[in-house]
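# Breakdown of the fold
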Amino acid sequence: MADYRGVMASETPVPAAEADNAPEQLTFADLGLDAAVLKALKDVGYETPSAIQAATIPVLLQGRDVVGLAQTGTGKTAAFALPVLSQMETGHKNPQALVLAPTRELALQVCEAFEKYAAHIKGVSVLPVYGGQGYGQQLSALRRGVDIVVGTPGRIMDHLDKGTLDLSELKYLVLDEADEMLKMGFAEDVETILADTPADKQVALFSATMPAQIRRISAQYLNDPEEITVKTKTTTSANITQRYLVVSYQQKIDALTRILEVENFEGMIVFTRTKNETETVAEKLRARGYTAAAINGDVAQVQRERTVNQLKAGKLDILVATDVAARGLDVERISHVVNYDLPIDTESYVHRIGRTGRAGRTGDAISFVTPRERRMLTAIEKATRQPLTEMSLPSVDDVNATRLTRFDDAITAALEDTAAIATFRDVVAHYVAHHDVPEADVAAALAVVAQGDTPLLLEEETIAQPRFDRDRDRAPREGGRDGGPRRERDARFATYRIAVGRRQRVEPRQIVGALANEGGLRRNDFGAIQIRQDFSLVELPADLSRDTLDRLTDTRISGVLIDLRLDQGGRSAKRSDRPQRRPRDRD
Ligand code: AMP
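Report follows, based on the coordinates. (Residues numbered from 1 in each chain as written. Predicted model: local features only at pLDDT ≥ 70, side-chain atom pairs only at ≥ 80, totals over all residues. Heavy atoms only, no water.)

Once that is clear, we can look at the overall build of the protein. Summing up its helical and strand segments, the protein has 20 helices and 21 strands in all. Within the span of the protein, comprising 587 residues, buried residues form 53% of the whole. Pairs at least 24 residues apart make up 78% of the contacts formed inside the protein by residues separated by at least 6 positions. Of the accessible surface of the protein, which amounts to about 26900 Å², a share of 50% is contributed by carbon and sulfur atoms. (Helix = DSSP H or I, 4+ residues; strand = E, 2+ residues; numbered from the N terminus. Buried < 20%, exposed > 50% of the residue type's maximum accessible area, 1.4 Å probe, protein only. Contact = heavy atoms within 4.5 Å. Areas by Shrake-Rupley, 256 points an atom, 1.4 Å probe, with all protein chains shown as cover.)

Structure below.
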């Protein structure tokens, strides 16, 4: 990859100081896309093209071949789907466009994306064709005629061999995740398809890596391709603690609510990918009793400023924003940034988390990562040169412990208002004198009145958190036999318990700092850190020497002796779930 040359697409983050007179953002309309496609983009709520889209779309619209170095999560699907849809003629019997993808999962995703972006183009038909699915459905659709076929190479070859797929009118061929296709043994199929389709077709090849075999294929079968890669040169500030949480899309709102309950936050920005989602999330947070507002590119500047001023003044605690709307925002109160959706490039990540940790303060960034986005997480860590610490979903116990602590705090604060206490003491004394009820029960009854309809404690409700294995650089494979990705516990690590937690307002950074200093540990010696209400669980090397253990046991964090000891199971036990590796299916 080091010698990879070509067009560098770069999104320069706007420094905070330039925020409000930031240069105009490039829009999808600037790229020359068809009006019907632009309309669909408005519906889905994307604000601006991602770096790979901005660089690729104009080149594809000029009719040139492209080799794009891009990973999942960068918006590469739209980078090829939008120009194909903008240029194609519909209604031919034989397909005009073919997308080859390594897995059934990706093929289906690409189909869905095409359908979404083609919502306002009449009569476009998209067909997924992959192994494992019966031929009948595919055959009848092919007989009726389709415009775009998205398939895995093996099954496409089967149809070509049987004469059930006619690619003689093909105008656009896309190879998606080309390196993956080769790794899975599809090289020959891919080359046959490249060679046996019309010579004047336009080809776009996307790959996360650029091995020699792909260079050779692109030199042999592509016509003077423009090489496009996204430049990532970024660093993040050391005063920001960066964590991530593996969640499924459906769990995000519950996960966010639990985080809001247990984190000590002052002001927060929650980033979503689309404008529509900012509104939805803000609405759901308001329904759960938080002061939250949405800002996005469609919100008028005056309204945006009003909202930001409310955040500054503490009248509002949570802003749900898109990248564009939050560009350059400089509000000291923002203690937390939550990436509800990961951004589409690493520079946006750096820009987003830079909204916290302002004016020399510390900040917290929490990123929601769905199991499919593992690679984007790795890309972020590589680009920022900082590993992110995995956190687990706050449990019902964590949430309830925080609620009880807050309840205690509220009582303590109320007791300080001596005048009010004197008045109510008389009221209570009067009640006790006239009813045969102990004072403690009266206090409890008053608490019930104060609590209203909201239960004090959360009911036990388990959310099965998905996991992934950080060491496995593979997306889930075709076949889908297991129940979802899991995190494989690294055998090098053991889980230790330390006697400081959320109650002591301890942060992962302090734990790493203290243990590294006292025990002479390095960054690589730390695995996941989970902060609970009264204790924390830290993964450290299983083979720590007696001497190191002794020194660590005597360590203090925030003045508290941490009493480090091996964790005997309990709540961390679920982390040792056996991994279920997927067999690699060929199609
Ligand atoms: P991909 O890399 O193509 O798998 O896209 C990753 C995700 O980003 C998908 O959920 C897309 O819907 C979303 N996406 C693609 N382009 C944009 C954009 N310009 N703005 C916001 N989200 C986008």
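Turning our eyes to something else, we now look at the sheet that holds strand 10 (residues 267-271). Pairing between sheet strands relies on hydrogen bonds along the backbone, with the strands arranged either parallel or antiparallel. Strand order across the open sheet formed by seven strands is 11-12-10-13-14-9-15, with parallel pairing between neighbours. Two strands bound the open sheet, and with one partner strand each, they are strand 11 (292-295) and strand 15 (389-390). As judged from the four bridges shared by strand 11 and strand 12 (residues 318-321), these two strands associate in the parallel manner. Opposite Ala294, over in strand 12, you have Val320 as the bridge partner. (Pairing = 2+ DSSP bridges.)

The next subject is helix 4 (residues 104-117). Helix length check: helix 4, at 14 residues, gives a terminal C-alpha distance of 20 Å against a target of 20 Å (1.5 Å per residue), a fit within 8%. By the burial criterion, the buried members of helix 4 are Leu106, Ala107, Val110, Cys111, Ala113, Phe114 and Tyr117. Each buried residue of helix 4 lies within a common arc of 160 degrees when the element is viewed along its axis, so the set occupies one face. Its buried side turned inward, helix 4 meets helix 1 (35-44), helix 3 (76-87), strand 3 (97-100), strand 4 (126-129) and strand 5 (148-151). (Expected span 1.5 Å × (residues − 1). Arc of directions from axis to C-beta.)

What follows is about the packing of aromatic side chains. By convention here, two paired aromatic rings are described through the distance between centres and the angle between planes. This model, assessed by the stated rule, comprises five aromatic pairs. On the numbers, 6.2 Å between centres and 45 degrees between planes, the contact of Phe80 with Phe114 is tilted. Here Phe80 is found in helix 3, whereas its partner Phe114 is found in helix 4, with 34 residues between them in sequence. Members of the aromatic cluster, each reached through a chain of ring pairs, are Phe28, Tyr46 and Tyr117. Over the ring of Tyr135 we find Lys162; its NZ or CZ atom is 4.1 Å from the centre of that ring. Seen from the ring of Phe535, Arg497 lies directly overhead, with NZ or CZ sitting 3.9 Å from the centre. (Phe/Tyr/Trp six-rings, centres within 6.5 Å; stacked < 30°, edge-to-face > 60°. Lys NZ or Arg CZ within 6 Å of the ring centre and 35° of its normal.)

Attention now moves to the sheet that holds strand 16 (residues 493-498). If you trace the four strands from one edge of the open sheet to the other, you get 17-18-16-21, paired in antiparallel fashion. Looking at the sheet topology across the chains shown, the edges are occupied by strand 17 (529-531) and strand 21 (565-566). The sheet contact formed by strand 17 and strand 18 (residues 536-541) spans three bridges and is antiparallel. Bridging across to strand 18, Ile529 finds its partner in Val538. Those strands touched by helix 19 (residues 508-519) are strand 16, strand 17 and strand 18, and its axis lies near 125 degrees from that of strand 17. (Axes fitted to C-alpha atoms, helices over the stretch in contact; angles between N-to-C directions.)

Moving on, we come to the environment of Gly559. The topology assignment puts Gly559 in the loop between strand 19 (556-557) and strand 20 (560-561). A sequence separation of 59 residues divides Gly559 from Val500, and the C-alpha atoms of the two residues are 9.9 Å apart.

Before going further, it helps to examine the nonpolar core. One finds Phe80, Leu82, Leu85, Phe114 and Val150 to be the most contacted residues of the largest nonpolar core, which totals 42 residues. Contributions of two or more residues to this core are made by helix 1, helix 2 (51-61), helix 3, strand 3, helix 4, strand 5, strand 6 (172-175) and strand 7 (202-207). Setting aside anything within four residues of it in sequence, one finds Phe114 in contact with Phe80, Ala81, Val84, Leu85, Val99, Val126, Ile148 and Val150. Residues Ala178, Leu194, Met210 and Leu222 belong to the second largest nonpolar core, which totals 32 residues. (Core = buried A, V, L, I, M, F, W, Y, C linked by side-chain atoms within 4.5 Å.)

So, about the pairing of strand 14 (residues 363-369). A large share of strand 14 lies buried, amounting to seven of its seven residues. Taking every second residue as pointing to the same face, both faces of strand 14 are buried, with Gly363, Ala365, Ser367 and Val369 on one and Asp364, Ile366 and Phe368 on the other. In this sheet, strand 14 lies alongside strand 9 (residues 240-246) in parallel orientation, the contact comprising seven bridges. By the bridge assignment for strand 14, Val246 is matched with Val369.

At a closest axis distance of 9 Å, the pairing of helix 2 and helix 3 adopts a crossing angle of 25 degrees. Taken together, the axes of helix 2 and helix 3 are roughly parallel relative to one another. In the packing of helix 2 onto helix 3, the handedness of the crossing is right-handed. Across from Ile52, Gln53, Thr56, Ile57, Leu60 and Leu61 in helix 2, the residues of helix 3 making contact are Lys76, Ala78, Ala79, Phe80, Leu82, Pro83, Ser86 and Gln87. (Parallel < 35°, antiparallel > 145°, perpendicular 65-115°, else oblique. Left-handed = near helix turned anticlockwise from the far one by under 90°.)

Taken together, 15 residues sit near the ligand, with Tyr46, Gln53, Gly73, Thr77 and Arg273 positioned nearest. In this structure, an oxygen atom belonging to the ligand sits 3.3 Å away from a main-chain N or O atom of Lys76. Alone, the ligand offers 490 Å² of accessible surface; in the complex the protein occludes 83% of this. For the shell around the ligand, the class distribution of residues is four nonpolar, eight polar and three charged. (Near = heavy atom within 4 Å. Polar contact = N/O pair within 3.5 Å; in protein donor to acceptor, adjacent residues only side chain to side chain. Nonpolar A, V, L, I, M, F, W, Y, C, P; charged D, E, K, R; others polar.)

Time to look at the side chain of Gln202. Its location among the elements puts Gln202 in strand 7. Ignoring sequence-local partners within four residues, the contact set of Gln202 consists of Val59, Leu60, Gly63, Arg64, Asp65, Gln87, Lys171, Tyr172 and Leu173.

What follows concerns the pattern of salt bridges. Taken as a whole and judged by the stated rule, the model has 25 salt bridges. The salt bridge involving Arg215 is made with Glu227; its shortest N-O contact spans 4.0 Å. Placement of the pair is Arg215 in helix 9 (residues 212-221) and Glu227 in strand 8 (residues 226-230), with a sequence separation of 12 residues. Note on Arg215: relative accessible area 27%, which makes it partly exposed. (Salt bridge = Lys/Arg side-chain N within 4 Å of Asp/Glu carboxyl O.)

Functional significance is not addressed by these values, which are geometric in nature.
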